[in-house]
Amino acid sequence: DQYETNIKEKNEKEKEKKLLENNNIELTKLLNKLTIEELEKQYNTTHDAYTLITSTNWVQQRAKLKSNEPCPLCGSTNHPYCNDITKVESISHKLKEQCDLINQKLIEQKENQTKWQSQKNSNEGKISILKIQLNELDDKLTETISKWTKLLSSFSKIQNYSILDKTAIITL
């Protein structure tokens, strides 16, 4: 009866361990799909452009530009954003929206990364415990089988002796 209980418990633990291992495989796939570094680069580039276009110094410099005169920074004589502040505001607004969108994606991915990694670590801890428990169950099962083997061997020896040969039975 104990043997069957141990076998049943072992099967349940092996099933649970396999489920956790499969879950970790899926979590690893999800973690590998995260693009945090790429999003950080995109955010930094977009944020730098936004900061540059909205900085007070650049706004003042644009105001100083004159048509058909070279820009002191790049030498261009064409200054499309010099007099039309709405173009600059439009670009600035689009850059700000892009920054916010990228930042939101970054926050979501970092939250997912933390959640998934935590779940994976928890699963790995449970798997370690299950491995120990499975080893203990294997030891119990091996011990039970050994006891049964000895009993069967003793029973076979007893059957070989006649009932009258009590001294031989006692020596077993």
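Residues numbered from 1 in each chain as written. Predicted model: local features only at pLDDT ≥ 70, side-chain atom pairs only at ≥ 80, totals over all residues. Heavy atoms only, no water.

## Remarks on the nonpolar core
In terms of nonpolar packing, the biggest core is built from eight residues, these being L27, L31, L34, I36, L39, I102, L106 and W116. Where this core is concerned, the elements lending two or more residues are α1 (2-33), α2 (36-54) and α4 (85-160). The leading source of residues in this core is α4, at three residues. Other than its neighbours up to four places away in sequence, L106 contacts I36, L39 and E40. (Core = buried A, V, L, I, M, F, W, Y, C linked by side-chain atoms within 4.5 Å. Buried < 20%, exposed > 50% of the residue type's maximum accessible area, 1.4 Å probe, protein only. Helix = DSSP H or I, 4+ residues; strand = E, 2+ residues; numbered from the N terminus. Contact = heavy atoms within 4.5 Å.)

## So, the side chain of K120
Checked against the element boundaries, K120 lands in helix α4. Despite its burial, K120 pairs with no opposite charge; the closest candidate is E124, at 4.4 Å N-O. Here the side chain of K120 touches T28 through a polar contact of 2.9 Å, side chain to side chain. Once residues lying within four places of it in the same chain are set aside, the contact partners of K120 are N24, L27, T28 and L31. (Lys, Arg positive; Asp, Glu negative; His and termini not counted. Salt bridge = Lys/Arg side-chain N within 4 Å of Asp/Glu carboxyl O. Polar contact = N/O pair within 3.5 Å; in protein donor to acceptor, adjacent residues only side chain to side chain.)

## Let's talk about the environment of E4
Summarising the element assignment, E4 is placed in helix α1. When the C-alpha atoms of E4 and L141 are compared, they prove to be 9.3 Å apart, with 137 residues separating the residues in sequence.

## Some details on the pattern of salt bridges
When their charged atoms lie close together, side chains carrying opposite charge are able to pair. All chains considered together, the criterion is met by eight salt bridges. Its salt-bridge partner being E9, residue K13 comes within 4.0 Å of it at the nearest N-O pair. Placement of the pair is K13 and E9 together in helix α1, with a separation of four residues, close to one helical turn. A salt bridge links E21 to K17; its shortest N-O distance comes to 3.2 Å. Of the two residues, E21 and K17 both sit in helix α1, four residues apart, roughly one turn of that helix. A network of salt bridges, in which partner residues are shared, links K10, E14 and D138.

## As for the environment of Q98
Mapping Q98 onto the fold places it in helix α4. You can call Q98 partly exposed: its relative accessible area is 43%. Taking the C-alpha atoms as reference points, Q98 and Y43, 55 residues apart in sequence, are found 8.1 Å from one another.

## Regarding α1
With 32 residues, α1 should reach 46 Å at 1.5 Å per residue; the first-to-last C-alpha distance of 47 Å fits that figure. Among the residues of α1, N6, K10, K13, K17, L20, N24, L27 and L31 are the ones counted as buried. (Expected span 1.5 Å × (residues − 1).)

## Structural notes on the packing of α2 against helix α3 (residues 56-64)
As a packed pair, α2 and α3 sit with axes 5 Å apart at the nearest point and diverge in direction by 50°. Taken together, α2 and α3 sit at an angle that is classed as oblique. Judged by residue contacts, L52, I53 and T54 of α2 engage T56, W58, V59 and R62 from α3. Grouping the amino acids of the contact of α2 with α3 by side-chain chemistry returns four nonpolar, two polar and one charged. (Axes fitted to C-alpha atoms, helices over the stretch in contact; angles between N-to-C directions. Parallel < 35°, antiparallel > 145°, perpendicular 65-115°, else oblique. Nonpolar A, V, L, I, M, F, W, Y, C, P; charged D, E, K, R; others polar.)

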